[in-house]
There are 2 protein chains.
Amino acid sequence: SVNPDLGGERQTASFSVERLTALLDGGVEQTQIRRAVVEAIESDPVFSRENQYFQTQNERYEAAVRKAVHLQKKMHEMGWTENGPEYKYIYRALSGDVAFLLHRVFMRSISVLGSDRQIAKWIPLATQHKLIGSYAQTELGHGTYLQGLETTAVFDTATQEFILNTPKISAMKWWPGDMGRSATHTVVFAQLYIHGKCYGIHPFIVQIRSLQDHSLCPGITAGDIGPKMNFEHIDNGYLLLKNVRVPRENMLSKFCEVRPDGTYVRQGSQQINYFTMTTVRVSLISDEVLIPLKKACTIAIRYSVVRRQSKLKPGEQEAKILDYQTQQEKLLPQLAAAYAFHFTNDYLQELFDRGYREIQRKNFDMLPELHALSSGFKAMITQHCTAGVEICLRACGGHGYSLLSGLPSLYTKILASCIYEGENTILLLQTARFLIKCFMAASAGQPVPPSVTYLAAVKHGKCPAKNKLDFLSPDIYTEAYQHVAVRLTSSTAAKLQDLIQSGVKKHDAWNQCTVQLVQAAKAHCHYIAVKNFAETVEKLETKAGIQKIMKHLCDLFALHGIFSNTGAFLHDGYTSGAQMDMVTAAYLDLLAVIRKDAVPLVDAFDFTDQSLNSALGSYDGQVYQRLYEWAQKSPTNQMSPAYERYLKPLLHNTLSKL
Amino acid sequence: SVNPDLGGERQTASFSVERLTALLDGGVEQTQIRRAVVEAIESDPVFSRENQYFQTQNERYEAAVRKAVHLQKKMHEMGWTENGPEYKYIYRALSGDVAFLLHRVFMRSISVLGSDRQIAKWIPLATQHKLIGSYAQTELGHGTYLQGLETTAVFDTATQEFILNTPKISAMKWWPGDMGRSATHTVVFAQLYIHGKCYGIHPFIVQIRSLQDHSLCPGITAGDIGPKMNFEHIDNGYLLLKNVRVPRENMLSKFCEVRPDGTYVRQGSQQINYFTMTTVRVSLISDEVLIPLKKACTIAIRYSVVRRQSKLKPGEQEAKILDYQTQQEKLLPQLAAAYAFHFTNDYLQELFDRGYREIQRKNFDMLPELHALSSGFKAMITQHCTAGVEICLRACGGHGYSLLSGLPSLYTKILASCIYEGENTILLLQTARFLIKCFMAASAGQPVPPSVTYLAAVKHGKCPAKNKLDFLSPDIYTEAYQHVAVRLTSSTAAKLQDLIQSGVKKHDAWNQCTVQLVQAAKAHCHYIAVKNFAETVEKLETKAGIQKIMKHLCDLFALHGIFSNTGAFLHDGYTSGAQMDMVTAAYLDLLAVIRKDAVPLVDAFDFTDQSLNSALGSYDGQVYQRLYEWAQKSPTNQMSPAYERYLKPLLHNTLSKL
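Residues numbered from 1 in each chain as written. Chains lettered and ligands numbered in written order. Predicted model: local features only at pLDDT ≥ 70, side-chain atom pairs only at ≥ 80, totals over all residues. Heavy atoms only, no water.

**As for the pairing of strand E7 (residues 220–224) of chain A**
Residue and element names in this part refer to chain A. Condition: Relative accessibility under 20% of the residue-type maximum defines a buried residue, over 50% an exposed one, and the middle range a partly exposed one, all with a 1.4 Å probe and only protein chains included. A run of DSSP states H or I qualifies as a helix once it reaches four residues; a run of E qualifies as a strand once it reaches two. Both are numbered from the N-terminal end. We call two strands paired when DSSP finds no fewer than two bridges between them.
Counting buried residues along E7, four of its five residues qualify, which places the element largely inside the surrounding structure. Inspection of the sheet shows E7 paired to strand E8 (residues 237–241) by five bridges, in the antiparallel sense. Counterpart to Gly223 in the pairing with E8 is Tyr238.

In structure tokens form, the structure reads like this:
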């Protein structure tokens, strides 16, 4: 039975939830395929996440391995293949709670970096799980700056082997997933030395554990790096190499080869390799970043119409907390952001598909733009979504703090996305470097990529809005975002130029501008996200009910960004204080409008109760019942030795020494 | 041996670290007492936190009980008493990792709410631990809004007993600490009914577990609420009452009494009771909020001078990450905030001591101001410090994400402070209500409390700063903060008036202004924090070296607040865009100045390695060594059944069904 406070919210939806779900999935057929996968996974008890919040790191690891192994069987049974339409929904249906993700990265790195011969040798072994792979790049002392890696691989002409070593503690491999306990092989990135000369970082396939009994191979020290904020199910590992010899054939050699006599040969273009890095950043957005935010919104919004607290008007029943303006102001902008970034993700995917086709045709022109966009959006979206999940958690008060709400683990997991696959600040500075370069080029009348042509067209007007309704016009707010992005880019470029002209060294000048460069990169991405959302809404013209609510969300996303960052828009007088008051009024009005459809808007994300795994967020809204039932199963409700050991003696005063 | 990258930072300190430590402690004698307590606690292996990051919730609970029991013995041995000067340092030295905190709240509630007879009966029992107490207020369905609590206590004239019941699931007590597994007694808050009439919420002493064998008493269902984001060591509990009878004498009756015939008598003034609530909010700031931020700053800043990554200049050694402007901009404002709020806390403590003296003299005039300040600062400081700890965590990249860094548990623990003892948004709205009231009174020429007299003196000038150095003048920035606080309060008051005059009901009008009211309350607190920091710095005139660096931190705290919230200052043209550029320049300059003293400034917090419990933050900076050593001790480095069960069959292809 559905809690009537929640059920009532569904009866007044201004649009068809089912049609919106199909829109988000990319079509009715996709929705069907996704639901079939979810059904198959969730009805199989081996994939259960039921006791997850009670499990230790060891138990989580064991379950993830069990699921990974069982998944092979399941895929076979169901006829799912890695190239089939179901594949992309499997990981989502498992909520990522499965081992051997790095085994896939191991395989991909061989496919991308290996020679045809290496691919022919290793990929079948990996596919059949005759080995378990990992990917050992990051070291204790080096993450972002790959050139700084300290592991060495010295070529020994006599034996035709590379000798791998960890010369000091900071060179120890640290973090590789699946490596702490599972992997038998890994791709080690090391500085290549031939005849005493360093040729930089290269990848080597290294066996680390016996295929017979899983014991560590000679010269190998490896293990698990211990507890983390989340990812308990993954055995992130460490690896120390001492004179480990691998045959010459184990250096992945699509782009560089070492000949038997020690001659170093570079071959082919590595550009496609850089492209792989950027696509990884885009592909993580959907599963690792958007889904957690959508789940958090679903949980917090459903809870906020079930939870009643205090009174809006004296004498009335206690109010649903979502009826408080402050609660709306916490949650609804996160909901709008979830939709905004969903469409940003579509935009990026499309752009990258196009980029990929161009690259296949040996046209690499799009690469700088793709790199800048993928870096900037990875940083911007992970940052926004992480903050959004935290807001959802806190908006649920004490119950949000219970692991049983599901929110703490969503938060502690999504937080990692700000760090992995490129630390966000570093990525934003990459985007900024591209922006500055393009701004300079555009100022000099040179052509620039499509996403930054706006930098050339600096307009010095003022925002034309005359009343609060004007701020519901996409032209008005998109232009305002554009103006800010141009201003921040141009003023930082000017500061940079001034510093250099005044004699500051180029690198120092850059460092002194980085705080502002980061702001410019964020403004650029925010502008594109707003513009893309507005354009997406426009294209929905045939779907009236959906278009209307999406327009509201687009407006909210845009106005929330202005409201939260008014200074950027006020700075040069483009927007006046009076106009900012209109923004505030329009923004607060929108909250009350969207609040009416809040529950249908999260229902459209179509999460099952199992995938939410939340006592607060279930479809039926029976929050208190579920919290109580789940708590009773907690291991903390078993007898503790603390009673006999400490409490009993204390209470019975046999602690006589007191 | 100290890592030379860290050691070098200490040689160039511009001030005496030892003298700054004494200043923070409130005198050299206090430092000595604190260190003696820390030494006694940390040298006792029973209090060890060594394996904390590897322990389960059950193990953490058991350890916390063990420590609580051992602490009694320790205090006796050391001659420490609850009224002695050492007492306040014990909890800090234990990093809060101890049970029976609610036992103290149980005792305090009896002292404050109980009659002399009740105090005489229960306090000795509690002091001697003949019982273990808890405090059962919050329910599954009710936290903030006390009047909404649903537990009932019906007076039975025939037996002279109260009959306590949990009428429905949302009325179940939920969250009380020490209650899930330890407590034998608790203070239950329930709606009092006499002859069918409800007299509102009252406190009742209820025994829940047998003193003989710890089994649950008749009519009692109780247990642990399960896993949380942190506080694994605390057995937060649930409690369900079914016709539980307690004698008439068990209702705490300092302020209200039920006579044998059922007559309800109210006596004395409850105002001192409200004062207790406000002092709890102030007292938590130091231990639960400031210390975690100071620890996080210590860890992140020490790590940032040891970690080298990428190059600032080509050809040079890799740079310490603290030399990057973006890293400075993350960490140094948190350091400045830690100092700012340290002094805010001193200011609040002093104010509350004064308030307490007045109340003893039956003068309750200060109560509304104290309530507004304690509410606003509790919200503002918990919010800022929580965000600060998260920034520190993320600024340490991957290693910050390891539990071994200490940062995740600091974050997950401090986060709770935004929720408990009054949810922050609710508290800010209390402050706002006070501000609006005082603004109205001041506008009408009536007298208002000292902290808000500035609301009366609205000045319509502009910020007089002419260059970036002017923004290092406390008068300039304090005035700017004041201006913003007045503007936000007055404009929200005007909006509220307008709505009401246009016919909107008072409660609806209030709700429609709450987002802006929260802004006004924050601005008020921020203004007072800045002003107080500036005044504190001024009083340090005889301590030259320290005054200089504190002045820098005060400037940074103030300018960071403007830089992060430029819109509030630009909105009505009080500050111009050109002046905002000066703020930015002055702010970025300050980062480079304070960076030089960053390590001495965190050293002055004087945390021992044991209390930091961080592989990244130790005094000697041997980060990588420590991470490796600790990881090897992790239970995840023991043999897992996953190998025999899943990996071996997979690798040996005996999973023939595939």
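From this point, things continue past the structure.
**Looking at the sheet that holds strand E4 (residues 173–174) of chain A**
Formally: Every residue pair with non-hydrogen atoms within 4.5 Å of one another is taken to be in contact. The axes used here are C-alpha line fits, helices contributing only the stretch in contact, and every angle between their N-to-C directions lies in the interval 0 to 180 degrees.
Here three strands make up an open sheet; going across it, the order is E4-E8-E7 (chain A) and the pairing antiparallel. Of all the strands in the sheet, the pair left with one neighbour each is E4 and E7 of chain A. Here helix H21 (residues 623–632) of chain B sits on the sheet and contacts E4, E7 and E8 of chain A; the angle it forms with E8(A), its principal contact strand, is near 115 degrees.

**Remarks on the relation of the copies chain B and chain A**
Convention followed: All copies are superposed by least squares; the fitting set is the C-alpha atoms of residues with a pLDDT of at least 70 in both.
Overlaying chain B with chain A gives an RMSD of 0.0 Å, the required rotation being 180 degrees about an axis along which the chain moves by 0.0 Å. In the structure described here, the two chain copies are related by an operation that fits a two-fold rotation axis. Considering only C-alpha atoms, the part of chain B nearest the rotation axis is B:Gly567, at 1.7 Å. The residues that chain B uses at the interface reappear at the interface of chain A in 100% of cases, marking a shared surface.

**Details of the confidence of the model for chain A**
The condition that has to hold: Per-residue confidence from the prediction method is given by pLDDT, with values spanning 0 to 100.
Looking at chain A, pLDDT values average 95 and 99% of them are 70 or higher. Here the prediction assigns the complex a pTM of 0.98, and the interface score ipTM is 0.97.

**Description of the interface of chain B and chain A**
Our working rule: Salt bridges, as used here, are contacts in which a Lys or Arg side-chain nitrogen is within 4 Å of a carboxyl oxygen on Asp or Glu. Polar contact is the term for a pair of N or O atoms within 3.5 Å; when the atoms are in protein, one must be able to donate a hydrogen and the other to accept it, and sequence-neighboring residues count only if both atoms are side-chain atoms. Think of it as three bins: nonpolar holds Ala, Val, Leu, Ile, Met, Phe, Trp, Tyr, Cys and Pro, charged holds Asp, Glu, Lys and Arg, and polar takes everything else, Gly as well.
On the chain A side, the residues contacting the 137 residues of chain B number 137 residues. Between the two partners, chain B and chain A, sit six salt bridges. As a salt-bridge pair, B:Lys330 and A:Glu423 come within 3.4 Å of each other at their nearest N and O atoms. For the interface between chain B and chain A, the tally reads 65 residue pairs in polar contact (both at pLDDT 80 or more). Per-class residue counts for the side of chain B that touches chain A are 58 nonpolar, 54 polar and 25 charged.

**Structural notes on a negative patch on the surface**
Note the threshold: Patch membership requires over 30% relative accessible area and the absence of a salt bridge. Like charges are linked within 9 Å, and nonpolar side chains (Val, Leu, Ile, Met, Phe, Trp, Tyr) within 5 Å. Surface accessibility in these figures is a Shrake-Rupley result with a 1.4 Å probe; residues are shielded only by whichever protein chains are displayed. For this count, His and the chain ends are skipped, Lys and Arg are scored as positive, and Asp and Glu as negative. Every charge is mapped to an atom, namely NZ of Lys, CZ of Arg, CG of Asp or CD of Glu.
A cluster of acidic residues, A:Asp475, A:Glu535, A:Glu538 and A:Glu541, forms a negative patch on the protein surface. Note that A:Glu538 resides in helix H15 (residues 506–539).

**Description of the environment of A:Cys525**
Residues and elements named next belong to chain A. Inspection of the secondary structure puts Cys525 in helix H15. The buried category is assigned to Cys525, whose relative accessible area is 0%. C-alpha of Cys525 to C-alpha of Ala631: the two residues are 106 residues apart in sequence and 43 Å apart in space. The residues contacting Cys525, other than those within four sequence positions of it, are Gly376, Phe377 and Met380.

**Here's the deal with the environment of A:Leu239**
Residue and element names in this part refer to chain A. Turning to its location among the elements, Leu239 is positioned in strand E8. When its relative accessible area of 0% is taken as the criterion, Leu239 is described as buried. On a C-alpha basis, the gap between Leu239 and Gln11 in space is 57 Å, while along the polypeptide they are 228 residues apart. Once residues within four sequence positions are removed from consideration, Leu239 is found in contact with Ala136, Thr166, Met172, Lys173, Met179, Thr186, Val188, Ile208, Ile220, Thr221 and Ala222.

**Some remarks on the side chain of B:His342**
Residue and element names in this part refer to chain B. Relative to the elements of secondary structure, His342 occurs in helix H9 (residues 325–360). In this structure the side chain of His342 is engaged in a polar contact, spanning 3.1 Å, whose partner is the backbone oxygen of Leu24. With residues near it in sequence (within four places) discarded, His342 still touches Leu24, Leu290 and Lys294.

**Details of the domain arrangement of chain A**
Residues and elements named next belong to chain A. Condition: Note that the domain bounds were set by an automatic or database domain assignment. Summed over both partners, the accessible surface that disappears when two parts come together, traced with a 1.4 Å probe, is what is meant by buried area.
Segmentation of chain A into domains returns domain 1 (18–99), domain 2 (129–267) and domain 3 (467–604). Summarising the inter-unit geometry, the C-alpha centres of domain 1 and domain 2 are found 32 Å apart. Counting residues at the interface gives 11 residues for domain 1 and 12 residues for domain 2. The contact between domain 1 and domain 2 buries some 900 Å² in all, and 46% of this surface belongs to carbon and sulfur atoms. Contact with domain 2 buries area across many residues of domain 1, yet Gln57, Arg60 and Tyr61 alone supply 63% of it, more than any other trio. Linking domain 1 to domain 2 there are one salt bridge. For the salt bridge of Glu232 with Arg60, the shortest nitrogen-to-oxygen distance reads 3.4 Å. One can count five residue pairs in polar contact (both at pLDDT 80 or more) joining domain 1 with domain 2.

**Digging into the pairing of strand E8 (residues 237–241) of chain B**
Residue and element names in this part refer to chain B. Of all five residues in E8, four are buried; the element is thus mostly enclosed. In this sheet, E8 lies alongside strand E4 (residues 173–174) in antiparallel orientation, the contact comprising two bridges. Each residue of the ladder has a partner; that of Lys173, found in E8, is Leu239.

**Observations concerning the UniProt feature "domain: Acyl-coenzyme A oxidase N-terminal" (unreviewed entry) in chain A**
Put simply, the rule reads: UniProt positions are given in the numbering used here, feature names are shortened, and annotations may be inferred rather than shown by experiment.
In the numbering used here, UniProt assigns the feature "domain: Acyl-coenzyme A oxidase N-terminal" (unreviewed entry) to residues 16–132 of chain A. From the first C-alpha to the last, residues 16–132 of chain A spans 46 Å; its make-up is 67% helix and 0% strand.

**Some words on helix H13 (residues 424–443) of chain A**
Residue and element names in this part refer to chain A. Convention followed: To estimate the expected span of a helix, subtract one from its residue number and multiply by 1.5 Å.
Given a rise of 1.5 Å per residue, 20 residues ought to cover 28 Å, and the 28 Å separating the end C-alpha atoms of H13 matches this to within 8%. For H13, a buried count of 14 out of 20 residues is recorded, marking the element as mostly surrounded by other parts of the structure. The distance from a side-chain oxygen at the start of H13 to the backbone nitrogen of Thr425 is 3.0 Å, and the residue carrying that oxygen is Glu423. Directly beyond the C-terminal end of H13, a positive phi value near 80 degrees is found at Gly445.

**Topic: the packing of helix H10 (residues 367–395) of chain B against helix H13 (residues 424–443) of chain B**
Residue and element names in this part refer to chain B. Definition in use: Just so you know how the angles are binned, under 35 degrees is roughly parallel, over 145 roughly antiparallel, 65 to 115 roughly perpendicular, and the rest oblique. In this scheme the crossing of two helices becomes right-handed for a clockwise turn of the near helix relative to the far one and left-handed for an anticlockwise turn of less than a right angle.
Two numbers describe how H10 lies on H13: the axes approach to 8 Å, and their chain directions differ by 140 degrees. One finds that H10 runs oblique with respect to H13. As for how H10 packs across H13, the hand of that crossing is left-handed. Between H10, through Pro368, Glu369, His371, Ala372, Ser375, Gly376, Lys378, Ala379, Thr382 and Gln383, and H13, the contact on the second element is made entirely by Asn424, Leu427, Leu428, Gln430, Thr431 and Phe434.

**Structural notes on the sheet that holds E8(B)**
Spatially, the three strands line up as an open sheet ordered E4-E8-E7 (chain B), and their pairing is antiparallel. Of all the strands in the sheet, the pair left with one neighbour each is E4 and strand E7 (220–224) of chain B. Packing against the sheet, helix H21 (residues 623–632) of chain A makes contact with E4, E7 and E8 of chain B, and its axis sits at approximately 115 degrees to E8(B).

**Some thoughts on the UniProt feature "binding site: FAD" (unreviewed entry) in chain A**
All names here are of chain A. Mapped onto this numbering, the UniProt entry gives "binding site: FAD" (unreviewed entry) at Thr138 and Gly177. Their sequence span is 40 residues, while the largest C-alpha to C-alpha distance among them is just 10.7 Å; these annotated residues converge on one region. Mapped onto the elements of the fold, Thr138 is located in the loop between strand E1 (135–136) and strand E2 (152–156). By relative accessible area, which is 25% here, Thr138 ends up partly exposed. Filtering out sequence-adjacent residues up to four positions away, Thr138 remains in contact with Gly143, Met172, Lys173, Trp174, Trp175 and Pro176. Within the secondary structure, Gly177 sits in the loop between E4 and strand E5 (185–194). For Gly177, the contacting residues outside a window of four places in its chain are Leu102, Ser134, Ile234, Asp235 and Asn236.

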